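Descriptive structure summary
Here's the letter readout for the chains.
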Amino acid sequence: MQKTIYWIEGDGIGREIWQAARPVIDAALAKESELKLDWQELLAGEKAVAETGSPLPEATMQALRGAEVAMKGPLGTPVGTGMRSLNVALRQSLDLYACIRPVRHFEGLETPVKHPERVDMVIFRENTEDVYAGVEFAAQTPEARKLIAFLREELGVTKVGDAAAVGIKPMTEAGSKRLVRRALRFALDNGKQSLTLVHKGNIMKFTEGGFRQWGYDLAAEEFADLTCTEKEPVPGRLVIKDRIADAMFQEALLRPEEYQILATPNLNGDYISDALAAQVGGLGLAPGVNMSDTLAFYEATHGTAPTIAGQDKANPGSVILCGALMLEHIGVPRAAERIRTALGKAIAAKAVTVDLAAQVTGARVVGCREFGEIVGANL
């Protein structure tokens, strides 16, 4: 009765949030099941460099290729120099094509919007194409000049100036459809009423517009008896609709209750998931999972917060809630709900970490370790 969970500590505040979160996850599981978690640590990021000289050792990748479930803390991504991103490298190497982010409000958190409780969405973000697979060349480099010359001479493109930086964003029918398929199955399995394709197809007609069309095509091809379109609704069926990305941001503020499942290309999903998290309290309480067809890889959605690392100020909520998602995935949903309820009680009692204190009138600021202990006691 054991389940192997591979875990990566992460950089910055990673150690602190894990020390606070893991006891909560284990305790919640023990209250609902005889299953035990066999936590096996893998190295990545700064800890891996210190011990192996590599930020992403082959031993880590080999273990993850054969894994079913893994979790990780935040990994640092340098801006402008070095490896493009450890997170992107993991997602592409392991084909973690679906980034799934549930967003909901916890009562007691005061947020920038009047009715944060109306936000209850799950974002399915394509995780291997678009800007994650993008190719860029800096302005006025030989590579940029060569590509600009090709565009002009071979394809008749005249709108790109000589001094431009240039980039390419690949998006495929297969990649788009498998993401939408996963979102559709989730929506149907969980009794949702609608799925919204979020795109910028009015401008990028063949990449983002392709995503939109491929999404509708997939629904018609594989889910015709279970879905309908917004223009031709059928009672009892899942409604497939689409929104242009900028309009979706407005809808998220004005009418969030009309949206349940969002399926998006990579960059749109990055923007909208963070914006929705801000509407309900911030990234400190935003869990997420990256999934392939064989691996579910749960991760804190916030950054490494190096300025507070080691100071017992970090919020472990994201990793704790990732644990709830993971427990649902391995078949113990009652333990997952215990975690969410316990975390909600901590917020309602106004005992929160410093990042949440500004959103709770009369808050008592507690450290990372104590917040985890409070949640654990509330189980």
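Residues numbered from 1 in each chain as written. Predicted model: local features only at pLDDT ≥ 70, side-chain atom pairs only at ≥ 80, totals over all residues. Heavy atoms only, no water.

**A closer look at the overall build of the chain**
Each helix and strand counted, the chain has 13 helices and 15 strands in total. For 379 residues, the compact-globule estimate of 2.2 N^0.38 gives 21 Å, and the C-alpha radius of gyration of the chain, at 22 Å, lies within 12% of that figure. Each of the three principal axes of the chain carries a C-alpha extent, and together these read 65 × 60 × 45 Å. Counting all 379 residues of the chain, 51% fall into the buried class. (Helix = DSSP H or I, 4+ residues; strand = E, 2+ residues; numbered from the N terminus. Rg over C-alpha atoms; globule rule 2.2 N^0.38 Å. Buried < 20%, exposed > 50% of the residue type's maximum accessible area, 1.4 Å probe, protein only.)

**Quick notes on the packing of helix α1 (residues 14-30) against helix α11 (residues 333-348)**
Where α1 meets α11, the axes come as close as 8 Å, and the angle between the chain directions of the two elements is 130°. Classified by the angle between their axes, α1 and α11 sit oblique to one another. Where α1 crosses over α11, the handedness of that crossing is right-handed. Of α11, the residues touching α1 (which contributes Val24, Ile25, Ala28 and Leu29) are Ala335, Arg338 and Ile339. (Axes fitted to C-alpha atoms, helices over the stretch in contact; angles between N-to-C directions. Parallel < 35°, antiparallel > 145°, perpendicular 65-115°, else oblique. Left-handed = near helix turned anticlockwise from the far one by under 90°. Contact = heavy atoms within 4.5 Å.)

**Notes on the packing of α1 against helix α10 (residues 317-329)**
Axes are the key here: two packed helices are described by the angle between their axes and the distance separating the axes. The geometry of α1 relative to α10 is characterised by a closest axis approach of 8 Å and an angle of 35° between their N-to-C directions. Crossing of α1 over α10 shows right-handed handedness. From α1, Ile17, Trp18, Ala21, Val24, Ile25, Ala28 and Leu29 reach across to α10, where they touch Val319, Ile320, Gly323, Met326 and Leu327. Residue composition of the contact of α1 with α10, grouped by class: 11 nonpolar, one polar and no charged. (Nonpolar A, V, L, I, M, F, W, Y, C, P; charged D, E, K, R; others polar.)

**Here's the deal with α1**
Between the first and last C-alpha of α1 there are 24 Å, a value that for 17 residues agrees with the 24 Å anticipated at 1.5 Å per step. On its buried face, α1 is in contact with β1 (2-8), β2 (36-42), β3 (69-72), α10, α11 and α13 (368-378). (Expected span 1.5 Å × (residues − 1).)

**Thoughts on the pattern of salt bridges**
All told, the structure shown has 27 salt bridges when counted by the stated rule. Each of the salt bridges in this network shares a partner with another, and the network as a whole consists of Glu9, Arg15, Glu41 and Lys47. (Salt bridge = Lys/Arg side-chain N within 4 Å of Asp/Glu carboxyl O.)

**Quick notes on the pairing of β2**
In the sheet, β1 pairs with β2 via seven bridges, with the strands oriented parallel. Following the sheet pairing, Lys3 is matched in β2 by Leu37. One crossover worth recording links β1 to the parallel β2 by way of α1, and it is right-handed. (Pairing = 2+ DSSP bridges. Right-handed = clockwise from strand over helix to strand, strands pointing away.)

**A look at the pairing of strand β4 (residues 98-104)**
With five of its seven residues buried, β4 lies for the most part within the structure. Two strands pair when backbone bridges link them, and β4 and strand β5 (residues 120-126) are joined in this way by seven bridges, in the antiparallel orientation. The residue of β5 that forms the bridge with Arg104 is Asp120. Where β4 and strand β12 (residues 287-291) come together, three bridges link them in antiparallel fashion. In the strand pairing of β12, Cys99 is matched with Asn290.

**Considerations on the state of the cysteines**
Counting across every chain of the model gives zero disulfides. Free of any disulfide, Cys368 has its nearest neighbouring cysteine sulfur in Cys322, separated by 14 Å. (Disulfide = S-S within 2.5 Å.)

**Re the environment of Ala357**
Counting through the fold element by element, Ala357 comes out in helix α12 (residues 354-357). Since its relative accessible area comes to 18%, Ala357 is described here as buried. Between the C-alpha atom of Ala357 and that of Leu109, which follows or precedes it by 248 residues, the distance is 8.9 Å.

**Section: the sheet that holds strand β11 (residues 261-264)**
Strand order across the open sheet formed by 11 strands is β2-β1-β3-β13-β12-β4-β5-β11-β8-β10-β9, with mixed pairing between neighbours. The sheet is open, and its two edges are formed by β2 and β9 (227-229), each paired on a single side. Each strand of the sheet is rotated relative to its neighbour by a mean of 25°, with strand direction disregarded. In the packing of helix α9 (residues 266-280) onto the sheet, contacts are made with β4, β5, β8 (194-199) and β11, and the angle to β5 comes to roughly 155°.

**What to know about the packing of aromatic side chains**
Scanning all chains against the criterion turns up three aromatic pairs. A centroid spacing of 5.1 Å and a plane angle of 55° characterise the contact between Trp7 and Trp18, whose relative ring orientation is tilted. Of this pair, Trp7 sits in strand β1 while Trp18 sits in helix α1, placing them 11 residues apart in sequence. Given a relative accessible area of 3%, Trp18 falls into the buried group. Each ring, one from Phe124 and one from Phe186, has its centre 5.4 Å from the other, and the planes form 55°; the classification is tilted. Here Phe124, found in strand β5, pairs with Phe186, found in helix α6 (residues 173-189); they are 62 residues apart in sequence, far enough to count as distant. Through successive ring pairs, a cluster of aromatic residues spans Trp7, Trp18 and Trp39. Positioned above the aromatic ring of Trp7 is the side chain of Arg22, whose terminal nitrogen or guanidinium carbon lies 5.2 Å from the ring centre. Above the face of the Phe106 ring, Arg104 is positioned so that its terminal group lies 4.3 Å from the ring centre. (Phe/Tyr/Trp six-rings, centres within 6.5 Å; stacked < 30°, edge-to-face > 60°. Lys NZ or Arg CZ within 6 Å of the ring centre and 35° of its normal.)

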